[in-house]
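# What the coordinates show
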Amino acid sequence: MPDTVKEATEPAASFWRVPAEALLTQLHANPGGLRSSDAAVRLKRTGLNLIHGERKSAVALQFLAKFRNPLVIILLVASALSALTGDTTSFLIITAIVLISVTLDFVQEYRAGQAAERLRESVAVRASVLRDGKPADIPIAELVPGDVALLRAGDLIPCDGRVLEAKDFFVNQALLTGEPYPVEKAAAELPDETEILAARNTVLLGTSVISGSAKVLMCRTGQDTALGEIADTLLAKAPPTAFEQGIHQFGVLIMRMTILLVLFVLLINAFYHRPWLESFLFAIALAVGLTPELLPMVVSVTLSRGALRMSASKVIVKRLGAILNLGSMDVFCTDKTGTLTDAHIKLERHLDPDGQESDRVLELAYLNSYFETGVKSPLDDAILEHKEIDVSAWQKIDEVSFDFERRRVSVLVDNGITRLLVVKGAPEDILRLSVSYGIEGDADQRPLDAAARARINAQFEALSREGFRVLGIASRPVGLDHPHAVVGDEAEMHFAGFAAFLDPPKESAKAALAGLAADRVSVKVITGDNELVTQHICTELGLAVSGVLTGAEIQQLDDSALAIRVEQVNLFCRVAPAQKNRVILALRRRGHVVGYLGDGINDAPSLHSADVGISVASAVDVAKAAADMILLEQDLNVLHAGVLEGRRTFSNIMKYIMMGTSSNFGNMFSMAGASLLLPFLPMLPVQILLNNLLYDVSELPIPLDRVDEDDLSHPRKWDMRYIRNFMLMIGPVSSVFDFLTFFVMLSVFRASESLFQTGWFIESMATQVLVIFLIRTRKNPFKSRPHPLLIASSFAAVGLAVLLPFTPAGDYLGFVAPPPLFFAVLSGILLCYLLAAEGMKQWFFRRFVPG
């Protein structure tokens, strides 16, 4: 590789202190960007622009990692010992079964992971960079040192870089500095600046653009960035979800039982002086049978299948675990714009303080929206549709960007005759800061006394009750030598009037809200709009208002008081972003699983705080990066479909868990008990392993299985007590019929060791597999149709177990052909078992799970 490329891809030390021209030379870059071929070479050398923890292992290493399972290692060691002692057949069979099981697990999980990764890549955050002299949208992970990025309001900053050009460019660096206020960045030479965080000519990975635009030279990427160096301390791993904690508890429970049973079996075999290697293999095989080793694969495959199904419903899942949280969600928080309304906002009226249409109000609103450089809101877009306004005589001098504390934006403009500060924002704040008003233009300066304020406020409230979203418009002339706009200038203003917008209710939202309510998801609206507009929209959509809480009222409540109030109300109006976050955290403290839909710059904290952070494809990069899921259409019906898919996914994972705690656990418990009563092993180690493999294969279609409507009608949450009680009720039923089989084999058939092992292998296989058709539904199994593949795989596994003793392979596995009468007796035992298990199941759901 040429030395120039090597030098160009090495991170520049103290790059903010190096003169811009020298820095471009050092990185072999230019302001026009890189050639695509050059960027490809650099990417191979530097690697992906990812921070610590996001890089993936090679496929071969992922496969080998499956062999780190302690049970797999013990089995392979035991099989090797079998070979050393001359039992080559056991060695070959055990090794083959282990390899098949591990490969099956890996292939299923790998394919699931690849499918989920393709979905994530479809909504990956991209950056606009100059490639081959033209702007191109490139995934952030593929950017390299020397790239030139074009940044604007709402963008995530994709690197540590040097500002080459900037216009009113403000950045939020709170992630790195803890400072909540935006910092202005500019192209500047700072040879004496020693701290990168203080360098105002530098932008850093992980921060975001609040307003303005800039051209930035990328100097450091990935692990070499300031964020990469401290990622372990700043990017703390998210706490485990309730489901993840439950899975861990379940694993610990099964592992404890496994250890106890294995130790019990080893002690019994030692007491009877049975061959140590055979006893050891039997105990390990028993542990394999008890351990839900396929659970991680079942969870991964089921989640990825869920993600694929959700993508068909136009929901892209970025974090697979969020699917289960969506299924558990019982409170959904959202703004109304675009979710409850069409987001096709139109400027319907521009009124003076007397309620008359005013061209001057429209002109001032247009000047403000045209020249502001922050993220354009839908209200700005509606104003800018009025192309008849001519702003060619005006030029922008400065601006004070919008923020959620002030709730307004100001621009300072000049036409050579007049220098004017134009302000638009929340009407109550604009009115509060004004001291005069006029009806016939700026020359009409009337004092804004109490009577005038009351009259103008009444006009504002009347517009709000009619469903109009309203902005206040004001201005303030300043001297021609006034150089900058600052917050302090927003005082003693002249109130010009109101801009009134209509955002009609979304036609599909009414049915979606009714569907969510029917499926027991409570919808709470959290908005910056006033309560009158919000109530009007909710009334139109049939959403009953249980109470209203404003931002000012939230400010007066401590956390414990707020936790009580959030249960009582479902409209939160005129709230700031920090207050949104408080509402979500208060709901979570009350035990709710909370989803939040946000698409703005300041929604990121709330998206992180919610159990499920949801954004939309049209959202700013900051919101999309913080979200767990992306809606390709901003439609509540899409979300409702996602909720049902989350519940379906949860139900299918629970099916596997419920089987693991009932029938196969009962069979393994029976096996341990049989070793105490019998003078020989109730099943050979290779037979146990084969039993476990066939059972696992039969359950592979569970991620595809159908789910009863009853299971989709309410939020699904992890309940360890429910699982434990189910195990204690259903598991012993299996053991009772196992011991009945032992009695029949010994008393009726006078079975030899091989016949006993064969008979119980078939009975064990049949009971474990067929009971899934009972456990998979709370209803009568004949009224709930399983997926055809689940039926096929289950009967294929049982059929193979029945046929094996009659094949040459059966001889190697220690099987003998049972007499015909055995199958008649087996059919009777199976029928009685399934009837008993169904009866116990129905009793369990009536006793422990009412409704």
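Computed from a prediction, not measured in an experiment: that's the story for all the values here. (Residues numbered from 1 in each chain as written. Predicted model: local features only at pLDDT ≥ 70, side-chain atom pairs only at ≥ 80, totals over all residues. Heavy atoms only, no water.)

### Here we look at the overall build of the protein chain
Looking only at helices and strands, the protein chain features 34 helices and 23 strands. The contacts in the protein chain between residues at least 6 apart in sequence include a share of 73% that link residues at least 24 apart. Accessible surface, the protein chain: about 35,700 Å² in total, of which carbon and sulfur atoms supply 59%. (Helix = DSSP H or I, 4+ residues; strand = E, 2+ residues; numbered from the N terminus. Contact = heavy atoms within 4.5 Å. Areas by Shrake-Rupley, 256 points an atom, 1.4 Å probe, with all protein chains shown as cover.)

### Considering the nonpolar core
Formed by 159 residues in total, the largest nonpolar core has its most connected members in Leu 326, Phe 332, Phe 572 and Met 629. Ignoring anything within four residues of it in the chain, the contact list for Phe 572 reads Lys 524, Val 525, Ile 526, Thr 527, Leu 549, Ile 554, Val 566 and Val 583. Core analysis: the second largest hydrophobic core is formed by 25 residues, Ile 383, Ile 389, Val 411 and Phe 501 among them. (Core = buried A, V, L, I, M, F, W, Y, C linked by side-chain atoms within 4.5 Å. Buried < 20%, exposed > 50% of the residue type's maximum accessible area, 1.4 Å probe, protein only.)

### Here we look at the packing of aromatic side chains
Per the counting criterion, the structure on display carries 20 aromatic pairs. When the ring of Tyr 370 is compared with that of Phe 371, the centres are 5.0 Å apart and the planes differ by 85 degrees; the resulting orientation is edge-to-face. Judged by relative accessible area, which is 12%, Phe 371 ranks as buried. Taking 4.9 Å as the distance between ring centres and 75 degrees as the angle between the ring planes, the aromatic pair formed by Phe 742 and Trp 760 counts as edge-to-face. Remark: Trp 760 occurs in helix α30 (residues 753-770) and Phe 742 occurs in helix α29 (residues 720-748); sequence separation between them is 18 residues. Residue class for Phe 742 comes out buried when judged on its relative accessible area of 6%. Judged by its relative accessible area of 0%, Trp 760 falls in the buried class. Through a chain of ring-to-ring contacts, the aromatic side chains of Phe 680, Phe 739, Phe 742, Phe 756 and Trp 760 assemble into a single cluster. (Phe/Tyr/Trp six-rings, centres within 6.5 Å; stacked < 30°, edge-to-face > 60°.)

### Description of the packing of α29 against helix α34 (residues 820-848)
Packing of α29 against α34 leaves a shortest axis separation of 10 Å and a crossing angle of 160 degrees. Between α29 and α34, the interaxial angle falls into the category roughly antiparallel. Of the two elements, α29 crosses α34, and the hand of that crossing is right-handed. (Axes fitted to C-alpha atoms, helices over the stretch in contact; angles between N-to-C directions. Parallel < 35°, antiparallel > 145°, perpendicular 65-115°, else oblique. Left-handed = near helix turned anticlockwise from the far one by under 90°.)

### Overview of empty space enclosed by the protein
Scanning the model with the defined rule gives three cavities of 30 Å³ or more in all. Put simply, the largest cavity is a space of about 180 Å³. Taken together, 13 residues line the largest cavity, and the ones lying closest to its centre are Met 658, Asp 711, Arg 716, Tyr 722 and Ile 775. Within the residue set of the lining of the largest cavity, elements represented by two or more residues are α25 (636-660) and α29. Grouping the amino acids of the lining of the largest cavity by side-chain chemistry returns six nonpolar, two polar and five charged. (1 Å grid on protein atoms, 1.4 Å probe; cavity = no way out; pocket = protein on both sides within 12 Å on 5 of 7 lines; lining within 4 Å. Points joined across faces, edges and corners; volume = space filled by probe spheres on them. Nonpolar A, V, L, I, M, F, W, Y, C, P; charged D, E, K, R; others polar.)

### Details of helix α32 (residues 788-803)
Along an α-helix, residues three or four positions apart point the same way, because every turn accommodates 3.6 residues. An ideal rise of 1.5 Å per residue puts 22 Å on 16 residues; α32 measures up with 22 Å between its terminal C-alpha atoms. Taken residue by residue, α32 has Leu 790, Ser 793, Ser 794, Ala 797, Val 798 and Ala 801 as its buried positions. Considered in projection along α32, the buried side chains sweep an arc of 125 degrees and stay on one side of the axis. (Expected span 1.5 Å × (residues − 1). Arc of directions from axis to C-beta.)

### Things to note about the packing of helix α17 (residues 450-465) against helix α19 (residues 531-541)
Relative to each other, α17 and α19 sit at 20 degrees, their axes nearing to 7 Å. Considering their axes alone, α17 and α19 lie roughly parallel with respect to each other. Handedness of the α17/α19 crossing: right-handed. Across the interface between the two elements, Glu 461, Ser 464 and Arg 465 from α17 touch Leu 532, Val 533 and His 536 from α19. Taken together, the residues of the contact of α17 with α19 break down into two nonpolar, two polar and two charged.

### Some remarks on a nonpolar patch on the surface
Taken together, the side chains of Phe 264, Phe 271, Tyr 272, Leu 676, Leu 677 and Phe 739 define a hydrophobic patch exposed on the protein surface, amounting to about 600 Å² of accessible area. Contributions of two or more residues to the nonpolar patch are made by α10 (242-271) and α26 (663-677). The topology assignment puts Phe 264 in helix α10. Taking the relative accessible area as the measure of exposure, Phe 264 reaches 33% and is therefore partly exposed. (Patch = residues over 30% accessible without salt bridge, like charges linked within 9 Å, V, L, I, M, F, W, Y side chains within 5 Å. Salt bridge = Lys/Arg side-chain N within 4 Å of Asp/Glu carboxyl O.)

On their own, these measurements won't tell you what the molecule is for.
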